[in-house]
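Structural overview for review
Given next are the chains, with one letter for each unit.
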Amino acid sequence: MAMIMTGEVQLPASREVVYAKLNDAEILKACIPGCEELIKSSDTEMTAVAVTKIGPVKARFKGKVHLTDLDPPNGYRISGEGDGGVAGFAKGGASVALTEKDGGTLLTYNVEAQIGGKLAQLGQRLVNGAAKKVADDFFKNFAAVVAAG
Amino acid sequence: MSATGIGAAVRRKEDFRFVTGKGQYTDDVVRPGETRAVFVRSPHAHAKIKSIDVSAAKKMPGVIDVLTGADLATDKIGNLICGWMIHSKDGTPMKMSAHPALAAGKVNCVGDAVAVVIAESIAQGKEAAEKVKVDYDVLQAVIDPAKAQAKGAPQIHADIPNNTIYQWHLGDPKATAAAFAAAKHVTKLDIVNNRLVPNAMEPRAALAEYDEGSDHLTLWSTSQNPHVARLVISAFVGITPEHKLRVIAPDVGGGFGSKIFIYPEEVVCLWASRKVKRPVKWTSDRSEAFLTDAHGRDHVTHAELALDADGKILALRAKTIANLGAYMSTFSSSVPTYLYATLLSGQYNIPSIYCEVDAVYTNTAPVDAYRGAGRPEAAFVVERLMEVTARQMAIDPADLRKRNFITAFPHQTPVIMAYDAGDFHASLKKALELADVKGFGKRKREAARHGKLRGLGYSAYIEACGIAPSQAVGSLGAGVGLWESAEVRVNPTGSVEVLTGCHAHGQGHETTFAQLVSERLGIPFDNVSIVHGDTDKVQFGMGTYGSRSGAVGMSAIVKALDKIEAKAKKVAAYVLEAAEGDIEFKDGKFTVAGTDKSAAWGDVALNAYIAHKFVGADLEPGLKETSFYDPTNFTFPAGCHICEVEVDIDTGKTDIVNWTAIDDFGTVINPMIVEGQVHGGIAQGVGQALLEGAVYSKEGQLVTGSMMDYTMPRAHDLPSFHVGLTTTKSPSNPLGIKGCGEAGAIAAPAAVINAITDAIGTEDLAMPATANAVWSALQRAKPRQVA
């Protein structure tokens, strides 16, 4: 089951600052909802553990995160795949673009995600809603971190 | 007719326990020391299993064992099978893949069982299942049956090229082609018969218990045919010899076909219970049911009808691709062939018919019989063709049907079936009157004033039930005979037990079968009990499906009752000290012809057992008889349904404003139960037409995998039905019964779609005709309205 989400968020910092924070594992860990662990194994690879609850299904996803198409300070692509055990799997990626706007940075994102197994059975409205909330929460958290300097 | 005999609307005996929660279903059966099975299922539609690591799961609290396909292979447990052989046009046998109960190295659909955890509780089993590590190598999946045979399509079973199970045909291609060449008018239609999830109210369940002392296994299971389950599990899967396996199907909460089949979970529970030496129970949750119950329908068809200038049908041809899913389920091969193409003559005199069917594997759940099984697909093809033809040729749709009705019986169709009785003009005439078709024009104009499009659709269906004459199905490839058995036990007190091979899972057999006995023996209805669903109690029987329990099962009871009456007369002759030939039996009383000497039923029953008055060895004590009844032909229920709809132009929402159902079921035992069956059947047919559709993503995820995304019909989706009967008795069984269990589901989809397409003025509409689909069809048909 495939999902596509797009969105944008205005951030009160320069593109360089935003880009640096987007590459900071500690900041990403703090911003990813339910993230229990995010360990950088190289500049572009991380392993992650995140807990997600969608409706009645709570799943702990273990997976890998890759950063590709690195184009500082214009953006990158972050992608990953996670194995949630009996709950199923999730994989996908987000293209993140940074543009100068109103003295700060406009971050736009295009997420496409695929889920399978029990998660895919939960009902599209539920899953789409939950996935959108994860994306929204991440960028809201990220905006707060950027605003806090 | 007595108050509880044949034809009486007796209230159902079984409903007291069903509506007061006192039913006893498989999950209600609790055995000492029972464990719970939790299956680890594939989240991928198509993948190689690189490795399975169960070591962490085995260490989890409450876990007794964790088993995989490798263990199954080590123990030499056999594959599940499909029991109906179909041969392709070229004479080659169908290509059946291996179907192990737990995946062997590869998964072929989401929900394929990979491992099973046996634990003290479900919660512990689920916790442990989380720890089973399966490493998959994900492969490309093929979901669309129309793409399964394409070059370069993912290959599902290595030994089966092009995912093609068989390429079958029926009829005369040359005569059909010649008739088309000579036709004045040809109607062409492309049809998708949408895939359905059965959704019986009670999900499937299995409880297996191994008795080490006697080396005997017992399986409690949600089965429509426990004897066939025992036969397949013993003779083919090889769990244990047949005489060491008892299968009990207690109360079962609906089946609709989906519980005919033998599934992996039953096999695994039996196997595991012997391994862990404790009872093992599995109860499907609703999510598992969506993924693993055999689905229904899923045909892609191109159909054509050829007519002369007068609207007389010359020929019909159809090419169908049938999706059988990832594995061949127990009877899946027969559904799109002998249960489908043999009904393509409908109620009409069609000189030539030719049908080709390709059955294919896809990375989806197996597809098998679902209420109607092949016949709804056939009725949809025929009745859509008729309605579209009527519109294209500007002939009234009722009139077009009348011009082509079969009126002389027996009638041999070009597709095997020999219709033995029917009166299609009578059911159409009665339906036209009850539906007030004459007043439709006025109603349509009134609706238009309120912004609604009103439409009328017919469905003059026919089906083949009373499944089935053994010789006939044997010649068509069935691995079993489809007779039925009955044992009638008269107790010394005169009460009666009937043991039947027909399983009841909502049909009301405990009532209707008792009505038959009450009528025949003249004893109170309450003095009869019906025993079914236990291979240790009941002689071999074939189960319940294909609207067969009345036509075949009750016929077996009639035969046994004939024997009972004959023997009881012998006993009565001794009791009454008269010649056997002088004994008459009526209304529960034996009398000596021409005298006032009589003996009550109870006296004769008691004397049969005390045997004090018998002389010599010419009469054995006891009063118990068994019969096996094999029908001489299928039965052919038929009728005419008329659906009237209103479509909201702005939203596309369809309201069914009137439904008329006139059915010919032959003899009716209980009109209330028959009406209930008609209501339920129409509801399921309307569900298919308006609401239901199993959808897989292109990656093979079932996106309609819950009640949130798969819409079942609700009361407010349905009108109050107007139902009526016409009657021609079936000549092929002693009661004249035809069967009523599937008629509604067979008739309804075409009636609904014919009505909506009449309303919206375009044939470009697929099922389910949701508001969105109808609205979109309206926009495509009249693009200018959008602007």
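Residues numbered from 1 in each chain as written. Chains lettered and ligands numbered in written order. Predicted model: local features only at pLDDT ≥ 70, side-chain atom pairs only at ≥ 80, totals over all residues.

What follows is about the pairing of strand β20 (residues 496-500) of chain B. Residues and elements named next belong to chain B. Of all five residues that make up β20, four are buried, and the element is covered over most of its length. Looking at chain direction, strand β19 (residues 484-490) and β20 are connected through five bridges and run antiparallel. Bridge pairing in β20 places A486 opposite T500. The antiparallel pairing of β19 with β20 creates a hairpin that spans five residues between the two strands, and G494 there sits at a positive phi of about 95 degrees. In this sheet, strand β21 (residues 528-531) lies alongside β20 in parallel orientation, the contact comprising four bridges. Looking across to β21, one finds that V496 is bridged to V528. Read from β20 through helix α14 (residues 509-521) to β21, the crossover connection turns out right-handed. (Buried ≥ 20, exposed ≤ 12 C-beta atoms within 10 Å, placed from the backbone. Helix = DSSP H or I, 4+ residues; strand = E, 2+ residues; numbered from the N terminus. Pairing = 2+ DSSP bridges. Right-handed = clockwise from strand over helix to strand, strands pointing away.)

Here we come to the environment of I737(B). Residue and element names in this part refer to chain B. Within the element layout of this structure, I737 appears in the loop between β28 (721-725) and α18 (743-760). The exposure class of I737 is buried, given the 32 C-beta atoms found within 10 Å. Distance in space between the C-alpha atoms of I737 and K624 is 25 Å, their sequence separation being 113 residues. Beyond its immediate sequence surroundings of up to four residues, I737 is in contact with G550, A551, M554, T635, G666, T667 and S730. (Contact = placed C-beta atoms within 7 Å.)

All names here are of chain B. In spatial order, the strands read β21-β20-β19-β25; together these four strands make up an open sheet with mixed pairing. The sheet terminates laterally at β21 and β25 (624-629), the two strands that pair on one side only. Recorded for the sheet is a direction-independent mean angle of 15 degrees between the axes of neighbouring strands. Sheet analysis places β19 next to β25, joined by six bridges and oriented antiparallel. Among the inter-strand pairings, V488 is bridged to a residue of β25, identified as E625. The strands that α14 touches are β20 and β21; relative to β21, the one it contacts most, it runs at about 135 degrees. Docked against the sheet, helix α15 (residues 549-576) engages β19, β20 and β25, running at close to 145 degrees with respect to β25. (Axes fitted to C-alpha atoms, helices over the stretch in contact; angles between N-to-C directions.)

With that settled, consider the domain arrangement of chain B. Residues and elements named next belong to chain B. In terms of domains, chain B is made up of domain 1 (31-140 + 202-253 + 259-292), domain 2 (299-467 + 633-786) and domain 3 (484-629). Of note, the centres of domain 1 and domain 3, computed from C-alpha atoms alone, are 41 Å apart. Contacts between the two partners involve 16 residues from domain 1, matched on the other side by 13 residues from domain 3. Elements supplying a minimum of two residues to the side of domain 1 that touches domain 3: α6 (226-236) and β11 (245-248). Considering every element that reaches the side of domain 1 that touches domain 3, the biggest residue donor is α6, with four residues. A per-class count over the side of domain 1 that touches domain 3 returns eight nonpolar, five polar and three charged. (Domains from an automatic or database assignment. Nonpolar A, V, L, I, M, F, W, Y, C, P; charged D, E, K, R; others polar.)

Before going further, it helps to examine the interface of chain A and chain B. On the chain B side, the residues contacting the 17 residues of chain A number 18 residues. Elements with a minimum of two residues in the side of chain A that touches chain B: β7 (104-116) and α3 (124-147) of chain A. Here the side of chain A that touches chain B takes three residues from α3(A), the largest share from any one element. Here the residues of the side of chain A that touches chain B sort into seven nonpolar, eight polar and two charged.

What follows concerns helix α10 (residues 397-404) of chain B. Residue and element names in this part refer to chain B. Buried within α10 are the following residues: P397, L400, R401 and N404. Buried residues along α10 cover an arc of 100 degrees about the axis, so they all sit on one side. Tucked inside the fold, the buried residues of α10 contact β14 (313-323), α9 (375-393), α11 (424-434) and β18 (452-459). (Arc of directions from axis to C-beta.)

To continue, consider the confidence of the model for chain B. Scored by pLDDT, chain B comes out at a mean of 96, with 99% of its residues at no less than 70. Across the interface, the model reports ipTM at 0.83; the global pTM reads 0.94. (pLDDT = per-residue confidence, 0-100.)

Residue and element names in this part refer to chain B. If you trace the backbone, F405 turns up in the loop between α10 and β16 (411-412). Separated by 58 residues in the primary sequence, F405 and Q347 place their C-alpha atoms 5.7 Å from one another. When residues no more than four places from it in sequence are discounted, the contact partners of F405 are Q347, Y348, F424 and H425.

To continue, consider the sheet that holds strand β24 (residues 598-600) of chain B. Residues and elements named next belong to chain B. Across the sheet, three strands lie side by side as β22-β23-β24; this open sheet has antiparallel pairing. One side of each edge strand has no neighbouring strand; the edge strands of this open sheet are β22 (583-586) and β24. Direction aside, neighbouring strands of the sheet carry axes that sit 20 degrees apart on average. Bridge count between strand β23 (residues 589-592) and β24: three bridges; the pairing is antiparallel. Within β24, the position partnered with K589 by the bridge is A600. Here α15 sits on the sheet in contact with β22, β23 and β24, set at roughly 125 degrees to β22. Along the sheet, helix α16 (residues 601-610) makes contact with β23 and β24, crossing β24 at roughly 80 degrees.

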